[in-house]
Amino acid sequence: MPLECSGSVRSADEVNEQIRGLWLRAGGRLSAEQRAQYARLVTEWANAVRDEVVEAA
């Protein structure tokens, strides 16, 4: 899935749910591919949190 560098179209909660699902499916041990996906999701989550904070301000 492509990831925009300048923000997220999904909410932080949506991305967080995907992160949780990834960990659950992996049983707490991520493969190299899953670690890369996790890193992308965490970046997307951080961008979404930042965007939500800016929007609230």
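This text follows the structure it describes.
Remember, it's a predicted structure, so these values are computed and weren't measured experimentally.

1. Some words on helix 1 (residues 12-26)
- In this model helix 1 runs 21 Å from its N-terminal to its C-terminal C-alpha over 15 residues, within 8% of the 21 Å that 1.5 Å per residue would give.
- All of the buried residues along helix 1 are Ala-12, Val-15, Ile-19, Gly-21, Leu-22 and Ala-26.
- Close packing links the buried residues of helix 1 with helix 2 (32-56).

2. Quick look at the nonpolar core
- With 6 residues, the main nonpolar core is built from Val-15, Ile-19, Leu-22, Ala-26, Leu-30 and Leu-41.
- Take this core: its biggest share by element is 4 residues, from helix 1.
- Residues in contact with Leu-30, not counting those within four places in the same chain, are Leu-22, Trp-23, Arg-35 and Tyr-38.

3. Section: the pattern of salt bridges
- Going through the model one piece at a time under the given rule, you end up with 2 salt bridges.
- Where Glu-44 meets Arg-10, a salt bridge forms, and the shortest distance between an N and an O atom there is 2.8 Å. Within this pair, whereas Glu-44 is found in helix 2, its partner Arg-10 is found in the segment before helix 1, the two being separated by 34 residues in sequence.
- A salt bridge links Arg-50 to Asp-51; its shortest N-O distance comes to 3.1 Å.
- Arg-50 gets classed as partly exposed once you look at its relative accessible area, which sits at 39%.
- Residue Asp-51 is classed as partly exposed on the basis of its relative accessible area of 24%.

Thresholds applied
- Residue numbers restart at each chain and count upward from 1, following the sequence in its written direction.
- Owing to the predicted nature of the model, reporting of local features is limited to residues with pLDDT of at least 70; listing and counting of side-chain atom pairs is limited to 80 or more, with chain, interface and lining totals taken over all residues.
- No hydrogens and no water enter the side-chain calculation; it runs on all heavy atoms of the structure.
- By the criteria applied, helices consist of DSSP H or I runs no shorter than four residues and strands consist of E runs no shorter than two, each listed in order from the N terminus.
- In this analysis, the expected span of each helix is defined as 1.5 Å times one less than the number of residues it contains.
- Classification of residues uses two cut-offs on accessible area relative to the type maximum, computed with a 1.4 Å probe and protein chains only: under 20% is buried, over 50% is exposed, and between them is partly exposed.
- Here, two residues are considered to be in contact whenever any of their heavy atoms come within 4.5 Å of each other.
- Nonpolar core, defined: a set of buried Ala, Val, Leu, Ile, Met, Phe, Trp, Tyr and Cys residues in which side-chain atoms within 4.5 Å join the residues together.
- Only one rule defines a salt bridge in this text: a Lys or Arg side-chain nitrogen within 4 Å of an Asp or Glu carboxyl oxygen.

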